[in-house]
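Examination of the molecular architecture
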Amino acid sequence: MNNSIKNIPPLTEKDLECLAELEKMSDEDIDYSDIPKITHEWFQKAIAKKRARLSNKNLNVAS
């Protein structure tokens, strides 16, 4: 278990109010304009990077 999860403080009353407001929102009410579009090329690069990291990790373990 990740130790940082244990250090999360409890939610405040304001946090709970914000979560309640968010729960009322529909998907159409959410503004996604500041999030870049994810393309097929982006996924290809992400997969290639992940494979390279895994390959490097496996090489280090085998050494």
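Along every chain, residues carry numbers that run from 1 in the direction the sequence is written. In keeping with the model being predicted, local features are shown solely for residues with a pLDDT of at least 70 and side-chain atom pairs are shown and tallied solely at 80 or more, while totals for entire chains, interfaces and linings include all residues. To obtain the side-chain values, all non-hydrogen atoms of the structure were included, while hydrogens and water were left out.

1. Re a nonpolar patch on the surface
Exposure above 30% relative accessible area and no salt bridge define the residues that can form patches, which grow by joining like charges within 9 Å and nonpolar side chains of Val, Leu, Ile, Met, Phe, Trp and Tyr within 5 Å. Methods summary: accessible areas were calculated by the Shrake-Rupley approach with a probe of 1.4 Å, and residue burial reflects only the protein chains presented. We count a salt bridge whenever a side-chain nitrogen from Lys or Arg sits within 4 Å of a carboxyl oxygen from Asp or Glu. Together, L11, L16, L19, L22, M25, I30, Y32 and I35 make up a nonpolar patch on the protein surface, roughly 750 Å² of accessible area in all. Each helix is a run of H or I in the DSSP string that is no shorter than four residues. Each strand is a run of E no shorter than two, and both are numbered from the N terminus. Mapped onto the elements, I30 comes out in the loop between helix 2 (13–24) and helix 3 (40–62).

2. Looking at a positive patch on the surface
Positive charges are assigned to Lys and Arg, negative charges to Asp and Glu, while His and the chain termini are left out of the count. In plain terms, the charge of a residue is placed at NZ if it is Lys, CZ if Arg, CG if Asp and CD if Glu. Together, K45, K49, K50, R53 and K57 make up a positively charged patch on the protein surface. On the secondary structure map, K50 appears in helix 3.

3. Some thoughts on the packing of aromatic side chains
Note on ring pairs: Phe, Tyr and Trp rings are taken, using the six-membered ring of Trp, and paired if centres are within 6.5 Å. Classes follow the plane angle, with under 30 degrees stacked, over 60 edge-to-face and the rest tilted. Evaluation of the coordinates by the stated rule reveals one aromatic pair. Between W42 and F43, the ring centres sit 5.1 Å apart and the planes meet at 85°, which makes this aromatic pair edge-to-face.

4. Describing the confidence of the model for the protein
By definition, pLDDT measures how confident the predictor is in each residue, and it falls between 0 and 100. Mean pLDDT for the protein: 85, with 86% of residues reaching 70 or above. Per-element mean pLDDT across the protein ranges from 66 in helix 1 (residues 3–6) up to 95 in helix 2.

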